[in-house]
Amino acid sequence: MEEEEKAGPPNKDLYALLHISPEASDEEIRKAYRQWAQVYHPDKYQSPHMKDIATENFQRICEAYEILTDENKRQIYDIYGMEGLTSGLELGPKLNKADEIKEELERLRKRKEQEKISAHFRPSGTILANMSLPHFLEGDGIMRGMAMTSEVQSQISKSNTVGVGGNLAVTGNVGGGAASAMFRHQFSSVSSVEFMASTGLRSLIGMQASRHLTLHSTASMGISMSLKDGSLNLSNSWTRQLSETANGNIQLILGPESSVAVGWQKKEEKRSVAGEVKFSTSSFGASAHYTHRFSSKSHGRIAGRVGSTMLELELGGGRKLSKFSTVRMLYSIGIQGIFWKFELHRGGQKLIIPILISRHLNPIFAAGAFIFPTSAYFLLKKFLVKPYYQRREKQKALENMQKTSAQVLEARAGAEKAQQLLQNVANRKRNRQSEISGLVITKAIYGNQKDLKKKDELKEPNDELSLSIVDVTLPLNFLVNDSGQLKLHEGVKKSGIMGFCDPCPGEPKQLYVEYTFGGQTYEVVVDDYEELLIPKPFQ
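Computed from a predicted model, the values in this text were never measured in an experiment.

**A word on the packing of aromatic side chains**
Each aromatic ring pair is described using two quantities: the centre-to-centre distance and the angle formed by the ring planes.
Here is step 1 of the chain: Using the criterion set out here, one finds 7 aromatic pairs in the structure.
Here is step 2 of the chain: The structure contains a cluster of three or more aromatic residues connected by ring pairs, namely Trp36, Tyr40 and Phe478.
Here is step 3 of the chain: A cation sits over an aromatic face here: lysine 429 above phenylalanine 478, 4.9 Å from the ring centre.

Structure below.
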C-alpha cells in the first residue's frame, strides 16, 4: 500500500468523504456538510440498526467538517494527512497558536526538504563486455575486451550539484582509464553553468553554460582545453521544441575535429523515432532509429547507421522485467560483422554484452543468425518467462489479499452500510433523470486495474474476480447533482468517497462507469486520482 501512496498524490480522504475539491472554500465545505448531515443524521431513523449505521457515518462527516473548517488543522492535514494531526503536530500546549503551528510546519518542511536533497544521490554506470565467437573457435578465448564507466551525482543544495566519475577500458593487452569531476550551479529556473575536469586518457578542463531562451527553446555554449596539447574545443548547441511530441537540435563544435550535427526526435505513447546527420572534418555519418511499444512492458526496435566509417543495421526488442529492470536482445549486421547484443538495464546501471558471431557477411549465415535467437526468444518468452511472471504476480496478489483480507472485509461492510442510507435518495434521483432522459448511471465498478478489464466475465457476486472490485453504481447515482451532472474531483482518491471502499490495498485502481444520457449509452474509465465529469460538454 505504501508504494501506491507514493505513486499518487497525498491522501485526501476527507475531501472525498464530503465530495468536495481540495481547493474548496469554507462556504463550499459548510454546504457539503449540511447536505451529508441531512442524509446521515441519526435522528432521521427509527430502526436501531439504521440509527447505528447513520451514527457511525455521521461521526465521520462531523470529523471531516471539524478538521477542514479549522484553518490550522486543514493546513496540517493537507501537508501531512491524519498522521500529522495525531502526532507531534496535534493541537495542545506546545502548539496552541497559529504562529506556533506555522513555525513548526516550516521547520518540518525544511527537514523534509533536507531529507529530499540527501536522497538526490544518483549513481549510474555501464559495463561493456565484448565477446567474439570466431576468436573462441580459433582458440584465442572468447573475451576480446571490456569497458566500465561509473558516475555518481549528488544534489548538495537546491542550486548545486556535484558529480564524480571514471572509466576503464581494456582491449587485448592494452588498457587505460580516466577520472572526472563535475560541478553544476543553477542560477535560476532558466539558466545554469557547469564546470568539469578529467584526467587520464583525456585530460582536460572545461565549462558549459545553458539557458532557456524561450518556453520552447534552449541554448548552451561550452569551451574545453586539453591539458596534453593545449588545444581548444568550442561547442554550441540549440534545442527547439517543434510540437508537443517532437523537438529538433543543432550542435556545432570547433576544434581539432570540427563538426556540425542536426538531429530530430519524436516521442509518442506508442512509438518514438529519432534521426541525426553529422559532418566533421574527417568523416560524415547519419543514424536513425524507430521504437514501437507493443504494451507497457514490451517494445521492438529498428536502427540504422551509415557513414564514411560505418554501415550497420540493428533489429531487436526488449521487455520490462520489473519497475526498474529492462532486458533487450538486439541483432546487428554491418561492415564489422554479425553481432548479437544482450542488454540489461536496471535503474541507472547497464550491462551490455555484444557477441561477434561472424566477421563475414554471408547472407545465409546472417539470416540464420537472426532467425535462431529470435525464435528462441519467443519460445522462451511464451513457455518460460511469461508463465513465470504470471505465477509470480498471481502469488504476490494472493499474499497481499491474505494480508489485507480483514481490512478489506471491514471496509466493504462499512461501504455497504453507507450505501443503505443512500439508497432511497439515489433511486429517486435515478428515476427523475430517467424521466427526462438525463444522466443515469447504469453500471459502475471500482477496483483492481487489471481485473477491471475482465468486467464482462463477472458472474457471481462472490466469485474470485469480484473480490478485487466493488459495485459503486448506487453512490454515483446519489452524487448526480440537480443539474444532471456528476463530477469526481481530480487529486482525490476515490476509495474515500462515501459508499466506496478500497477492495485491493496496494494495487493500482480504476473506476469504470457505464451511463445513459439523451437516450444514448456511454462508457468511461478513469484512474484513481483522475477527474471524472459526465456527461461530457459535447454529449
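Next comes the rest of the write-up.
**Concerning the nonpolar core**
Here is step 1 of the chain: Core analysis: the biggest nonpolar cluster contains 55 residues, and Tyr40, Leu476, Leu486, Leu511 and Val513 have the highest contact counts within it.
Here is step 2 of the chain: If you count residues domain by domain, this core takes at least three from each of domain 1 (13–90) and domain 3 (400–534).
Here is step 3 of the chain: The residues contacting leucine 511, other than those within four sequence positions of it, are Ile445, Tyr446, Leu452, Val472, Leu476, Leu488, Lys494, Phe500, Val524, Val525, Val526 and Leu532.
Here is step 4 of the chain: Counting 6 residues, the second largest nonpolar core, distinct from the first, contains Ile338, Trp340, Ile355 and Ile357.

**Focus: the pattern of salt bridges**
Here is step 1 of the chain: Applying the stated rule across the entire model yields 17 salt bridges.
Here is step 2 of the chain: Notably, a salt bridge pairs glutamate 27 with arginine 30, separated by 3.6 Å at the nearest N-O pair. Note that glutamate 27 and arginine 30 are positioned in helix α3 (residues 26–40) at a spacing of 3 residues, about one turn of the helix.
Here is step 3 of the chain: Given a relative accessible area of 44%, glutamate 27 falls into the partly exposed group.
Here is step 4 of the chain: Lysine 417 is paired through a salt bridge with glutamate 56; the nearest N and O atoms lie 4.0 Å apart.

**What to know about the state of the cysteines**
Here is step 1 of the chain: Under the criterion given, the structure shown has 0 disulfides.
Here is step 2 of the chain: Sulfur of cysteine 501: no disulfide; nearest cysteine sulfur belongs to cysteine 504 and is 9.2 Å away.
Here is step 3 of the chain: Judged by relative accessible area, cysteine 501 falls into the buried class, the value being 3%.

**Considerations on unusual backbone geometry**
Here is step 1 of the chain: At the junction of isoleucine 534 and proline 535, the peptide bond is cis and its omega measures out at -5° in the coordinates.
Here is step 2 of the chain: Examined against the element boundaries, proline 535 turns out to sit in the segment after β23 (532–534).
Here is step 3 of the chain: One non-glycine residue, histidine 19, lies in positive phi territory at about 60°.
Here is step 4 of the chain: We note that serine 437 has phi near 55°; this positive angle belongs to a residue other than glycine.
Here is step 5 of the chain: By the element assignment, serine 437 lies in the loop between α8 (363–435) and β18 (440–448).
Here is step 6 of the chain: By relative accessible area, which is 42% here, serine 437 ends up partly exposed.

**Some points on empty space enclosed by the protein**
Here is step 1 of the chain: Scanning all chains against the criterion turns up 1 cavity of 30 Å³ or more.
Here is step 2 of the chain: Computed from the structure, the largest cavity encloses a volume of approximately 60 Å³.
Here is step 3 of the chain: Taken together, the residues that form the lining of the largest cavity break down as 6 nonpolar, 2 polar and 1 charged.
Here is step 4 of the chain: Among the domains, domain 1 (13–90) and domain 3 (400–534) are the pair contributing at least three residues each to the lining of the largest cavity.

Calculation notes
- Every residue gets a number counted from 1 within its own chain, in the order that chain's sequence is written.
- pLDDT decides what is reported in this predicted model: residues at 70 or higher carry local features, side-chain atom pairs at 80 or more are listed and counted, and totals for whole chains, interfaces and linings draw on all residues regardless.
- Excluded from the side-chain calculation are hydrogens and water; included are all heavy atoms of the structure.
- Ring geometry is summarised as follows: Phe, Tyr and Trp rings, the Trp one being its six-membered ring, pair when their centres sit within 6.5 Å, and such pairs are stacked at plane angles under 30 degrees, edge-to-face over 60 and tilted between the two.
- Distance and angle both matter: a charge sits over a ring if NZ of Lys or CZ of Arg is within 6 Å of the ring centre and within 35 degrees of the ring normal.
- To qualify as a nonpolar core, a set must consist of buried Ala, Val, Leu, Ile, Met, Phe, Trp, Tyr and Cys residues joined through side-chain atoms within 4.5 Å.
- Summary of the burial criterion: residues with accessible area below 20% of their type's maximum are buried, those above 50% are exposed, and those between are partly exposed, where the area comes from a 1.4 Å probe applied to protein chains only.
- For every domain, the bounds stem from an assignment made automatically or drawn from a database.
- Throughout, a residue-residue contact means that at least one pair of heavy atoms, one from each residue, lies within 4.5 Å.
- What makes a salt bridge here is a side-chain nitrogen of Lys or Arg within 4 Å of a carboxyl oxygen of Asp or Glu, nothing more.
- Only DSSP runs of H or I covering at least 4 residues are called helices, and only runs of E covering at least 2 are called strands; the numbering of each starts at the N terminus.
- Note on terminology: pairs of cysteine sulfur atoms within 2.5 Å are recorded as disulfides.
- Space inside and on the surface of the protein is sampled on a 1 Å grid over the protein atoms alone, with a cavity defined as a set of points where a 1.4 Å probe fits but cannot get out and a pocket as an open set with protein on both sides within 12 Å along at least 5 of 7 lines; lining residues have an atom within 4 Å of a point.
- Grid points are joined across faces, edges and corners, and a volume is the space filled by probe spheres set on the points.
- Each residue gets one of three labels, nonpolar for Ala, Val, Leu, Ile, Met, Phe, Trp, Tyr, Cys and Pro, charged for Asp, Glu, Lys and Arg, and polar for the others, Gly among them.

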